[in-house]
Amino acid sequence: MTALRVLHIDDEPDIRDIVALSLGLDPEMTIRGCASGKDGLAAASEGMSDVILLDVMMPVMDGPTTLARLRQDPRTSDIPVVFMTARAQGHEIEKFRLLGAAGVIAKPFDPMTLAASLRSHVPAPDDVLAAPRKLFLHRVDGDTEALARCLLALSDETARVAASRQIRAIAHGLAGAGGIFGFPEIGDVAAELEDAAIGDANGVTSPAQIVCLLEKLLVLLKALFKA
């Protein structure tokens, strides 16, 4: 069973206490409680939560408003949010899911099964990389444009050194992350390109080698964005 960091947001202290006790029955869960949507947003932005358990009915900033604010912040936009509510009829649950909730837990809840119920709404471990992978692909888009410019600059003797340095930096990042996010071929070619750029700085790599590897890497990167 995987460890899970839970942020619980509820304005009722008694509910926060019983939720903490209930989730505490799962030794792999750690719980942090917040008494308002505002405090919850601040806590979530610290990046220490795997899932947010969010009360629907709260003063000042209710659950749906808090969820909307979470989705607007890149630091919190991908954290799964599970609503807790007494309004657990089918049409209400569908409404909450349309708002972006990962699930809904009805009040009153069974303290003995709350942890298992919450876990059932948390993405499987394979899905944990979905958000970082999305950011990686966004970065790749910018890296592809930068590498294309570097390819052109390699033909200019006055700009070649700076271009080679930028190629090395970009290739280093892609070499480390490519395999992690499911693109091993990109990682391997980027590692070769990084080594070639290092060799270029030391005068042991020919410009033709760098051009060849760079063109190969650009083909792989552009393929990621083909429809």
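Structure first, text after, so check above.
Residues numbered from 1 in each chain as written. Predicted model: local features only at pLDDT ≥ 70, side-chain atom pairs only at ≥ 80, totals over all residues. Heavy atoms only, no water.

### Digging into the pattern of salt bridges
Step number 1: Applying the stated rule across the entire model yields nine salt bridges.
Step number 2: Across the pair Asp73 and Arg75 runs a salt bridge whose closest N-O atoms are separated by 2.8 Å. (Salt bridge = Lys/Arg side-chain N within 4 Å of Asp/Glu carboxyl O.)

### Considering the packing of helix α2 (residues 37–44) against helix α3 (residues 63–72)
Step number 1: Closest axis-to-axis distance for the α2/α3 pair is 10 Å, and the angle between their directions is 25°. Relative to α3, the element α2 is oriented roughly parallel. Considering only the axes of α2 and α3, their crossing is right-handed. Of the residues in α3, those in contact with Gly37, Leu41 and Ala44 of α2 are Thr66, Arg69 and Leu70.
Step number 2: For the contact of α2 with α3, the residue count by class is three nonpolar, two polar and one charged. (Axes fitted to C-alpha atoms, helices over the stretch in contact; angles between N-to-C directions. Helix = DSSP H or I, 4+ residues; strand = E, 2+ residues; numbered from the N terminus. Parallel < 35°, antiparallel > 145°, perpendicular 65-115°, else oblique. Left-handed = near helix turned anticlockwise from the far one by under 90°. Contact = heavy atoms within 4.5 Å. Nonpolar A, V, L, I, M, F, W, Y, C, P; charged D, E, K, R; others polar.)

### Some thoughts on helix α8 (residues 184–201)
Step number 1: In this model α8 runs 26 Å from its N-terminal to its C-terminal C-alpha over 18 residues, within 8% of the 26 Å that 1.5 Å per residue would give.
Step number 2: Of the residues making up α8, those classed as buried are Ile186, Gly187, Val189, Ala190, Leu193, Glu194, Ala196, Ala197, Gly199 and Asp200.
Step number 3: Of the surrounding elements, those touching the buried residues of α8 are α7 (157–177) and α9 (207–223).
Step number 4: Gly203 sits one or two positions beyond α8 and adopts a positive phi of about 75°. (Expected span 1.5 Å × (residues − 1). Buried < 20%, exposed > 50% of the residue type's maximum accessible area, 1.4 Å probe, protein only.)

### As for the sheet that holds strand β5 (residues 103–106)
Step number 1: Taken in spatial order, the five strands line up as β2-β1-β3-β4-β5 in an open sheet, and their pairing is parallel. With one partner strand each, in any of the chains shown, β2 (29–34) and β5 form the two edges of the open sheet. The sheet shows a mean angle of 25° between the axes of neighbouring strands, direction not considered.
Step number 2: Note: strand β4 (residues 81–85) against β5, four bridges, orientation parallel. Bridge pairing in β5 places Met84 opposite Ile105.
Step number 3: Each of β1 (4–9), β2 and β3 (51–55) touches α2; the most contacted strand, β1, lies at about 160° to it. (Pairing = 2+ DSSP bridges.)

### Side note on the pairing of β2
Step number 1: Relative to β2, β1 runs parallel, the two sharing six bridges. The residue bridging His8 from the neighbouring strand is Gly33, located in β2.

### Concerning unusual backbone geometry
Step number 1: Cis geometry is found at the peptide bond from Lys107 to Pro108, where omega equals -5°.
Step number 2: Inspection of the secondary structure assignment puts Pro108 in the loop between β5 and α5 (114–119).
Step number 3: Although it is not a glycine, Val60 adopts a positive phi angle of roughly 70°.
Step number 4: Within the element layout of this structure, Val60 appears in the loop between β3 and α3.

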